[in-house]
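Listed here are the chains, written in short residue letters.
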Number of protein chains: 2
Amino acid sequence: MSASQIDAVALDGVGPLYDQIRRAIRDLILNGVWPPGTAVPPEHALMERLGASRMTVHRALVQLAREGLITRRRRSGTIVASPPASHAMLDILSIPEEVRGLGHAYALTVLQRRDGRAQRPVVSLFELGRAVDVVHLSVLHWADGVPHVLEERVIHLATVPAAAQEDFSTIPPGDWLLQNSLWSQAEHAISAVAATAEQAELLAIAEGDPCLLVERRTWNQGEPVTAVRLLYPGGRHRFVGRFGPYGKV
Amino acid sequence: MSASQIDAVALDGVGPLYDQIRRAIRDLILNGVWPPGTAVPPEHALMERLGASRMTVHRALVQLAREGLITRRRRSGTIVASPPASHAMLDILSIPEEVRGLGHAYALTVLQRRDGRAQRPVVSLFELGRAVDVVHLSVLHWADGVPHVLEERVIHLATVPAAAQEDFSTIPPGDWLLQNSLWSQAEHAISAVAATAEQAELLAIAEGDPCLLVERRTWNQGEPVTAVRLLYPGGRHRFVGRFGPYGKV
DNA sequence: AGCGTTTAATTGCATATGCAATTAGAGAGG
DNA sequence: CCTCTCTAATTGCATATGCAATTAAACGCT
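Computed from a predicted structure; not experimentally measured. (Residues numbered from 1 in each chain as written. Chains lettered and ligands numbered in written order. Predicted model: local features only at pLDDT ≥ 70, side-chain atom pairs only at ≥ 80, totals over all residues. Heavy atoms only, no water.)

**Brief notes about the protein's contact with DNA strand C**
- Near DNA strand C you find 26 residues, and of these R72, R74 and R75 of chain A together with L17 and T56 of chain B are the closest.
- At the protein interface, 69% of the atoms of DNA strand C within 4 Å belong to sugar or phosphate.
- Within the side chain of R54 of chain A, a nitrogen or oxygen atom sits 2.7 Å from a base nitrogen of DNA strand C.
- Those elements giving two or more residues to the surface near DNA strand C turn out to be α3 (43-50), α4 (54-66), β2 (70-73) and β3 (77-80) of chain A together with α2 (17-30) and α4 (54-66) of chain B. (Near = heavy atom within 4 Å. Polar contact = N/O pair within 3.5 Å; in protein donor to acceptor, adjacent residues only side chain to side chain. Helix = DSSP H or I, 4+ residues; strand = E, 2+ residues; numbered from the N terminus.)

**With respect to the packing of aromatic side chains**
Residue and element names in this part refer to chain A.
- The tally for this structure, following the rule as stated, stands at two aromatic pairs over all chains.
- Measuring from ring centre to ring centre gives 5.4 Å for F168 and W176, while their planes differ by 85°; the resulting arrangement is edge-to-face. Accessibility classification places F168 together with W176 in one group, the buried group.
- When the ring centre of Y18 is taken as reference, the NZ or CZ atom of R59 above it lies at 3.9 Å. (Phe/Tyr/Trp six-rings, centres within 6.5 Å; stacked < 30°, edge-to-face > 60°. Buried < 20%, exposed > 50% of the residue type's maximum accessible area, 1.4 Å probe, protein only. Lys NZ or Arg CZ within 6 Å of the ring centre and 35° of its normal.)

**Topic: the packing of helix α2 (residues 17-30) of chain A against α4 of chain A**
Residue and element names in this part refer to chain A.
- Running from N to C, α2 and α4 point in directions that differ by 50°, and their axes come no closer than 8 Å. In terms of axis orientation, α2 runs oblique to α4. Our pair here, α2 against α4, has a crossing hand that is right-handed. Two secondary-structure elements touch here, α2 through L17, Y18, D19, I21, R22, I25 and R26 and α4 through T56, V57, R59, A60, L61, Q63 and L64.
- Of the residues contributing to the contact of α2 with α4, the split by class is eight nonpolar, two polar and four charged. (Axes fitted to C-alpha atoms, helices over the stretch in contact; angles between N-to-C directions. Parallel < 35°, antiparallel > 145°, perpendicular 65-115°, else oblique. Left-handed = near helix turned anticlockwise from the far one by under 90°. Contact = heavy atoms within 4.5 Å. Nonpolar A, V, L, I, M, F, W, Y, C, P; charged D, E, K, R; others polar.)

**Looking at the protein's contact with DNA strand D**
- Around DNA strand D sit 26 residues in total, of which L17 and T56 of chain A together with R72, R74 and R75 of chain B are the nearest.
- Counting only the atoms of DNA strand D that lie within 4 Å of the protein, the sugar and phosphate share comes to 67%.
- Within the side chain of R74 of chain A, a nitrogen or oxygen atom sits 3.4 Å from a sugar or linking oxygen of DNA strand D.
- At 2.5 Å, a side-chain N or O of R75 of chain B approaches a sugar or linking oxygen of DNA strand D.
- Mapped onto the surface near DNA strand D, the elements with two or more residues apiece are α2 and α4 of chain A together with α3 (43-50), α4, β2 (70-73) and β3 (77-80) of chain B.
- Sorting elements by how many residues they give to the surface near DNA strand D places α4 of chain A first, with four residues.
- Grouping the amino acids of the surface near DNA strand D by side-chain chemistry returns seven nonpolar, eight polar and 11 charged.

**Focus on the pattern of salt bridges**
- In the structure shown here, the tally under the stated rule is 28 salt bridges over all chains.
- A salt bridge links E187 of chain A to R217 of chain A; the nearest nitrogen and oxygen atoms lie 2.7 Å apart. Pair noted here: E187 of chain A is in strand β7 (residues 185-194) and R217 of chain A is in strand β8 (residues 210-220), with a separation of 30 residues, a long-range link.
- Notably, a salt bridge pairs D27 of chain B with R26 of chain B, separated by 3.1 Å at the nearest N-O pair.
- A residue is classified by how much of its surface remains accessible, and D27 of chain B, at 32% relative accessible area, is partly exposed.
- The partly exposed category is assigned to R26 of chain B, whose relative accessible area is 24%.
- What you see here is one network of salt bridges that share partners, running through D12, D19, R22, R23 and E67 of chain A together with R66 of chain B. (Salt bridge = Lys/Arg side-chain N within 4 Å of Asp/Glu carboxyl O.)

**Observations regarding the sheet that holds strand β1 (residues 39-40) of chain A**
Residues and elements named next belong to chain A.
- The three strands are arranged β1-β3-β2 in an open sheet whose pairing can be described as antiparallel. The two strands at the open ends of the sheet, each matched to only one other strand, are β1 and β2.
- Relative to β3, β2 runs antiparallel, the two being bridged by four bridges. Residue R73 lies in a different strand from β3, and its bridge partner there is G77.
- The strands that α4 touches are β1 and β2; relative to β2, the one it contacts most, it runs at about 115°. (Pairing = 2+ DSSP bridges.)

Right, dumping it as structure tokens:
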């Protein structure tokens, strides 16, 4: 933990002290100032830096740990946690993991790739005012030789320039992005659509068959990162989640 | 708070004291022993009852408040919170609220009702070994005179006997159940299906059109409460949610 | 170098204390 | 009866203290 890192913790004077500390550290993590794996200063260091008692600092850190943002171990200290790769039904998830979790062998095919200026539909997708450079991919994911899901993806090169050098022949774009980009906000939408003739052929279903369409857009600090449409054959897939009255179980 | 209520708080000796207290009270709430609105004993009373310091009791209660299970107010005390009626995308939700939230007028039609022994498909739906008494309903929900969603529902009479006396002509079964039943666990599944001829006619779409099918099963303490299938015309509906890397935003 | 032992850094937990903020309800006064 | 004031019950917050548990790293021994 360098001096610059601990100096980044700044209180805003609003609300209870423990909550100021909690929010200060939370914001450093959420804004990527302290990326996953970063060592959080030990309690007594924060104590001195912030002029608070150890118990107050402790309270803030315990709460952050409960929220999953940090991991704490006695003696080793506190580090920024890695965001869980996949949550429940609708969070960011890895398609290879999803397929392997079902007990199938995973494979992928890059059907098409176009780099360059985004076309009009992509511009409106991200609600941009102008055309920008993107990578535009179509990928088919297979489970035991059966088409599993058809992915159409756009990656915003201004925020993820490294995407231009990656060919995505072994790692799908979703997984690659989890390792090579940061995101702070995402939006999902689920709907049901009929497969077009082209889609139906790729997914080995009939034209017009119902499909589950998952659309996801991701931003980092307000800048677009990626957008994806995942088309699942309706007959083969369902998303399941379990809940209790007060939230996820 | 009667003596019997405070005596219900029992520690199990496992793990930290504050967490024993937290779990003891949480379980009383989740098991319906302390229904929503019940006064939780004040910190002093729990202190004496449990032989813990006030700060330790406080810590447990603050955490429960953060989890949304209780509501605390100075001087007034602590009461068991009402479970939120609807969460995000996939939690239990009220269809009238959903429709009105979109700015439409809500109406419902009970298409069919059958009370009595559950048919075989219902038995397997709940994974029961035998036929049981149920209410079986088909309800169509309207938004501004346009079919919004088709609901098929089964209510388990052994756990919700009052359902036999309710005609569901003004309040939809989902909303009625939120007020007249307890549930401790639910399972959702989302898939895409093609509308059958009958469904298509009711929803004013074409046969074979893609629909979003939401299936939900609900239990209380392991006993089935209700199961429902909600069929949304695919072209008209999408479920949207927003997330950050560490969870819902 | 390799291996066991000790040390000490760090978090986890519980208690005690004191004061502040909120406000339901009691009491005073009309 | 009504209204205002005051009291006190209850939670909220912060600090100080002490000890326990974990374990990385230093140390010492062969």
